[in-house]
Amino acid sequence: MKKLVILISGRGSNMEAIVRAAIPGAMIAAVIANKPAAAGLDFARSQGIEARVVDHTGYPTRDAFDEALATEIDRHSPDLVVLAGFMRVLGDDFVRRYEGRMINIHPSLLPSFPGLHTHRKAIEAGVRLHGATVHFVTPTLDCGPIIAQAAVAVGADDTEASLAEKVLAQEHIIYPQAVRWFVEGRLRLDGNRVTVSDACLPGEGWVVPQPDA
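What counts, and at which threshold
Here the residue numbering is sequential within each chain, running from 1 through the sequence in written order. Given that this is a predicted model, residues contribute local features only at a pLDDT of at least 70 and side-chain atom pairs are listed and counted only at 80 or more, while totals for whole chains, interfaces and linings are drawn from all residues. Only hydrogens and water are set aside; all other atoms, that is, all heavy atoms of the structure, feed into the side-chain values. Only protein atoms enter the calculation, which uses a 1 Å grid: trapped sets of points that fit a 1.4 Å probe without letting it out are cavities, open sets showing protein on both sides within 12 Å along at least five of seven lines are pockets, and any residue with an atom within 4 Å of a point is a lining residue. Grid points are joined across faces, edges and corners, and a volume is the space filled by probe spheres set on the points. Helix and strand labels come from DSSP, where a helix needs a run of H or I of at least four residues and a strand needs a run of E of at least two; each type is numbered from the N terminus. Gly counts as polar in this scheme, as do all residues outside two lists: the nonpolar Ala, Val, Leu, Ile, Met, Phe, Trp, Tyr, Cys and Pro, and the charged Asp, Glu, Lys and Arg. Geometry is summarised by axes, namely lines fitted to C-alpha atoms with helices restricted to the contacting stretch, and by angles between N-to-C directions that run from 0 to 180 degrees. In what follows, roughly perpendicular refers to angles from 65 to 115 degrees, roughly parallel to angles under 35, roughly antiparallel to angles over 145, and oblique to any angle outside these ranges. With the far helix as reference, a near helix turned anticlockwise by less than a right angle produces a left-handed crossing, and one turned clockwise produces a right-handed crossing. In what follows, a contact means two residues having at least one pair of non-hydrogen atoms within 4.5 Å. Partly exposed residues are those whose accessible area sits between 20% and 50% of the maximum for their type, while under 20% is buried and over 50% is exposed, using a 1.4 Å probe and protein chains only. Pairs of strands are assigned from DSSP output, requiring at least two bridges between the strands. Note on handedness: a clockwise path from strand one over the helix to strand two, with the strands aimed away from the viewer, defines a right-handed crossover. Side-chain atoms within 4.5 Å link the members of a nonpolar core, which is a set of buried Ala, Val, Leu, Ile, Met, Phe, Trp, Tyr and Cys residues. The directions considered for the arc run from the helix axis to the C-beta atoms. Aromatic pairs are defined between Phe, Tyr and Trp rings, using the six-membered ring for Trp, whenever the two ring centres lie within 6.5 Å; interplanar angles under 30 degrees are classed as stacked, those over 60 as edge-to-face, and all others as tilted. Distance and angle both matter: a charge sits over a ring if NZ of Lys or CZ of Arg is within 6 Å of the ring centre and within 35 degrees of the ring normal.

Novice: Explain the layout of surface pockets here, please?
Specialist: It is a probe the size of a water molecule, rolled over the atoms, that shows where empty space is left. The calculated volume of the largest pocket comes to roughly 1,000 Å³. Around the largest pocket, the lining is made up of 37 residues, and of these Gly-85, Met-87, Ile-105, Pro-107 and Leu-116 lie nearest the centre. Within the residue set of the lining of the largest pocket, elements represented by two or more residues are α1 (13-21), α4 (92-97), β5 (102-106), α5 (118-125) and α6 (160-183). The biggest single contributor to the lining of the largest pocket is α6, with 4 residues. Along the lines of polarity and charge, the residues of the lining of the largest pocket split into 15 nonpolar, 15 polar and 7 charged. Its boundaries defined by the atoms lining it, the second largest pocket holds a volume of some 180 Å³. Together, Val-95, Arg-96, Glu-99, Gly-100, Phe-136, Val-137, Thr-138, Pro-139, Pro-145, Leu-189, Gly-191 and Asn-192 line the second largest pocket. Of the residues that constitute the lining of the second largest pocket, the class distribution is 6 nonpolar, 4 polar and 2 charged.

Novice: Just checking my understanding: could you explain the packing of α5 against α6 for this structure?
Specialist: A pair of packed helices is captured by two measures, namely the crossing angle of their axes and the spacing between those axes. Packing of α5 against α6 leaves a shortest axis separation of 9 Å and a crossing angle of 115°. Relative to α6, the element α5 lies roughly perpendicular. Remark: the crossing between α5 and α6 carries right-handed chirality. Facing His-119, Arg-120, Ala-122 and Ile-123 of α5, the residues of α6 in contact are Glu-160, Leu-163, Ala-164 and Val-167. Here the residues of the contact of α5 with α6 are counted per class, giving 5 nonpolar, 1 polar and 2 charged.

Novice: Teacher, can you tell me more about the pairing of strand β2 (residues 26-33) here?
Specialist: Regular strands show a simple pattern: their side chains alternate between the two faces of the sheet. In terms of burial, β2 is a largely internal element, 6 of the 8 residues being buried. Here 7 bridges tie strand β1 (residues 2-8) to β2, and the two strands are oriented parallel to one another. Each bridged residue has a counterpart across the sheet, and for Val-5 the counterpart in β2 is Ala-30. One crossover worth recording links β1 to the parallel β2 by way of α1, and it is right-handed. In the sheet, β2 pairs with strand β3 (residues 51-53) via 3 bridges, with the strands oriented parallel. In the sheet register, Val-31 faces β3, and the bridge partner there is Ala-51.

Novice: I'm lost on the nonpolar core in this one. Help?
Specialist: In globular proteins that are soluble, nonpolar side chains generally tend to be buried together. Formed by 43 residues in total, the largest nonpolar core has its most connected members in Ile-6, Val-31, Val-82, Ile-103, Ile-147 and Val-179. A total of 9 residues in this core trace back to one element, the largest contributor, which is α6. Among residues more than four places away in sequence, those in contact with Val-31 are Ile-6, Ile-8, Met-15, Leu-41, Ala-44, Ile-49, Glu-50, Ala-51 and Arg-52. Counting 19 residues, the second largest nonpolar core, distinct from the first, contains Leu-7, Val-81, Val-95 and Met-102.

Novice: Would you mind showing me how to read the packing of α1 against α6 here?
Specialist: At a minimum axis separation of 9 Å, α1 and α6 run at an interaxial angle of 50°. By the angle between their directions, the pair α1 and α6 is classed as oblique. Relative to α6, α1 is oriented so that their crossing is right-handed. Of the residues in α6, those touching α1 at Ser-13, Asn-14, Ala-17, Ile-18 and Ala-21 are Leu-168, Glu-171, His-172, Tyr-175, Pro-176, Val-179 and Arg-180. In the contact of α1 with α6, the residues fall into 7 nonpolar, 3 polar and 2 charged.

Novice: Please clarify how α5 should be interpreted in this entry.
Specialist: When we look at burial in α5, the residues that qualify are Thr-118, His-119 and Ala-122. The buried residues of α5 occupy one face: seen down the axis, they fall within an arc of 100°. Each element contacted by the buried residues of α5 is listed here: β5, β6 (129-136) and α6. Note on α5: the residue one or two positions beyond its end, Gly-126, has a positive phi of about 75°.

Novice: Before we go on, may I ask you to explain the packing of aromatic side chains in this structure?
Specialist: Given two aromatic rings, their pairing is described by the distance between the two centres and the angle made by the two planes. Inspection of every chain in the model, using the stated rule, returns 2 aromatic pairs. Each ring, one from Phe-94 and one from Tyr-98, has its centre 5.1 Å from the other, and the planes form 55°; the classification is tilted. Taken individually, Phe-94 and Tyr-98 each receive the classification buried, so the pair is uniform in this respect. For the cation-ring pair, Arg-88 lies above Phe-65, with the distance from its terminal atom to the ring centre recorded as 5.9 Å.

Now the structure itself:
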């Protein structure tokens, strides 16, 4: 059984998708938020999952917050830390502490459009494809080794809101699948490259790093 800790900051819709996926061999040990009012905490509690808060506003420095957060995470001894809409930049020491066992989902086809406002950037750039990326977390923001990506078409009439909705629907598919691969031991991380053994693509628009032939 692989133990997961999921970090959220708000409604936690990706966390909810992972919980509802009921991944065999995975146990969600805790959901932790950096905001006491994070709506996703109520969902976690409704599912019988321990819901905790480490409020970033209660710490004088980012390092102090990182240390408190790590202490709470380590209390659950997770095999995997899942960032699901966790809107805090984590320090290098924190990230290295969970190297190779912390993943994130970003609403763009990385390396395009790292950071915030990805849907606006995609529309302004005139791209035809946009999407989401699941990746291992490294000290460089949104630059970790890519596990999987899902693409959606950008329509001429798309707005930030409509594009966000299309991408989020793919996030709710791609993230539970990536977690499943980790739990099943099918991910291999070699430097900046990830391969997935025997990966079955859930649908059109998916891109998954494949093992060498």
